[in-house]
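Coordinate analysis (summary)
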Amino acid sequence: MPAHSDMDAVALLKADHRAVEDLFDKFESARSTSVKQKLVQQICTELMVHTMIEEEIFYPACTGKIEDEDLVQEAYVEHDGAKVLIAELVAGAPGDAFYDAKVMVLSEMIKHHVKEEEKRSEGLFAEAREAGLDMDALAERLMARKKQLLAEIKDSGIPAPQTRSFHGHEIEQSAPMPAA
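Notes on the structure follow. (Residues numbered from 1 in each chain as written. Predicted model: local features only at pLDDT ≥ 70, side-chain atom pairs only at ≥ 80, totals over all residues. Heavy atoms only, no water.)

A tally of helices and strands in the chain yields six helices and zero strands. Its helices and strands taken in sequence order, the chain reads α-α-α-α-α-α from the N to the C terminus. Counting every position in the chain, which comprises 180 residues, the buried fraction comes to 46%. Long-range pairs, those at least 24 residues apart, make up 72% of the contacts in the chain between residues at least 6 apart in sequence. (Helix = DSSP H or I, 4+ residues; strand = E, 2+ residues; numbered from the N terminus. Buried < 20%, exposed > 50% of the residue type's maximum accessible area, 1.4 Å probe, protein only. Contact = heavy atoms within 4.5 Å.)

Along the chain, Glu-117 turns up in helix H4 (residues 99–118). Arg-18 is the oppositely charged side chain nearest to the buried, salt-bridge-free Glu-117, at an N-O distance of 8.4 Å. There is a polar contact of 3.0 Å between the side chain of Glu-117 and the side chain of His-17. Each residue touching Glu-117, except ones within four places of it in the same chain, is listed here: His-17, His-50, Glu-54, Tyr-59, Gly-123, Leu-124 and Phe-125. (Lys, Arg positive; Asp, Glu negative; His and termini not counted. Salt bridge = Lys/Arg side-chain N within 4 Å of Asp/Glu carboxyl O. Polar contact = N/O pair within 3.5 Å; in protein donor to acceptor, adjacent residues only side chain to side chain.)

Let us look at the nonpolar core. In globular proteins that are soluble, nonpolar side chains generally tend to be buried together. Counting residues in each nonpolar core, the largest one holds 50 residues, and the members touching the most others are Phe-58 and Leu-106. Elements supplying a minimum of two residues to this core: helix H1 (9–29), helix H2 (33–62), helix H3 (70–91), H4, helix H5 (124–130) and helix H6 (135–156). With 14 residues, the single largest contributor to this core is H2. Sequence-distant contacts of Phe-58, that is, excluding residues within four places in its chain, are made with Ala-9, Val-10, Leu-13, Ile-53, Leu-124, Phe-125, Ala-128, Met-135, Leu-138 and Leu-142. (Core = buried A, V, L, I, M, F, W, Y, C linked by side-chain atoms within 4.5 Å.)

The description of an aromatic ring pair rests on the distance of the ring centres and on the angle between the ring planes. A full pass over the atoms with the stated rule returns three aromatic pairs. An angle of 85° between the planes, with centres 5.6 Å apart, marks the rings of Phe-58 and Phe-125 as edge-to-face. You can see Phe-58 sitting in helix H2 and its partner Phe-125 sitting in helix H5, a full 67 residues away along the chain. Of the two residues, Phe-58 and Phe-125, neither departs from the other in class, the shared state being buried. Feature note: the residues Phe-58, Tyr-59, Tyr-76 and Phe-125 constitute an aromatic cluster, connected by ring pairs. (Phe/Tyr/Trp six-rings, centres within 6.5 Å; stacked < 30°, edge-to-face > 60°.)

Two numbers describe how H2 lies on H3: the axes approach to 10 Å, and their chain directions differ by 155°. Classified by the angle between their axes, H2 and H3 sit roughly antiparallel to one another. Viewed along their axes, H2 and H3 form a crossing whose handedness is left-handed. Here H2 contributes Val-40, Cys-44, Leu-47, Met-48, Thr-51, Glu-54, Glu-55, Tyr-59, Pro-60 and Cys-62 to the contact with H3, which in turn contributes Val-72, Ala-75, Tyr-76, His-79, Asp-80, Lys-83, Ile-86, Leu-89 and Val-90. (Axes fitted to C-alpha atoms, helices over the stretch in contact; angles between N-to-C directions. Parallel < 35°, antiparallel > 145°, perpendicular 65-115°, else oblique. Left-handed = near helix turned anticlockwise from the far one by under 90°.)

To continue, consider unusual backbone geometry. In this model, Phe-98 sits at a positive phi of 70°, which is unusual for a non-glycine residue. We classify Phe-98 as exposed; its relative accessible area is 64%.

Moving on, we come to the packing of H1 against H4. Their axes nearest at 11 Å, the elements H1 and H4 cross at an angle of 155°. Classified by the angle their axes make, H1 and H4 are roughly antiparallel. Two packed elements cross with a definite hand, and for H1 against H4 that hand is left-handed. Across the interface between the two elements, Lys-14, His-17, Arg-18, Val-20, Glu-21, Phe-24, Phe-27 and Glu-28 of H1 pack against Tyr-99, Asp-100, Val-103, Met-104, Leu-106, Ser-107, Ile-110, Lys-111, Val-114, Glu-117 and Glu-118 of H4.

Purely geometric stuff here, so don't read any function into it on its own.
Next comes the structure, spelled out in structure tokens:
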């Protein structure tokens with residue numbers, strides 16, 4: 001994991017976005033099932049950590065402070081949709097029906113979500129900056145939680161995704177995916 005000490009919260013979250021985009025690109029060109037499985041494990045780990053730090057720290061910091069409150073609620077719902085596919089991928093394997101399709105749909109969902117968050121003047125990140133949130137303090141909290149979550153995943157595997165906007169709130173998953 002690169003050092004992010006000189007990054008503010010938005011820069012850190014954008015760096016996460018670029019890292020996941022790179023992993024999706026690598027998946028698209030991968031041919032070996034073992035390579036695909038390793039990449040999906042990395043993708044799911046990165047996305048779970050990223051969604052958790054946004055939902056636990058960044059989105060609550062934005063709530064009540066940004067102009068367009070719908071952006072936060074939409075982000076939660078977009079995360080929840082991605083978590084359904086993450087749970088399916090964690091429980092599956094490259095030879096399974098729809099495996100590659102699920103990865104590609106997840107990639108498209110994430111591209112859309114990233115585009116929404118990163119819109120120049122009306123995206124969530126722009127609104128957070130406009131609201132005057134302390135981006136440096138948020139970055140410190142995000143990095144600390146990210147390190148903690150990565151350590152937990154290394155020890156116990158990817159946890160079953162928890163949703164906020166879906167009925168039932170916990171996505172069924174056969175077992176935690178082992179860490180990379």
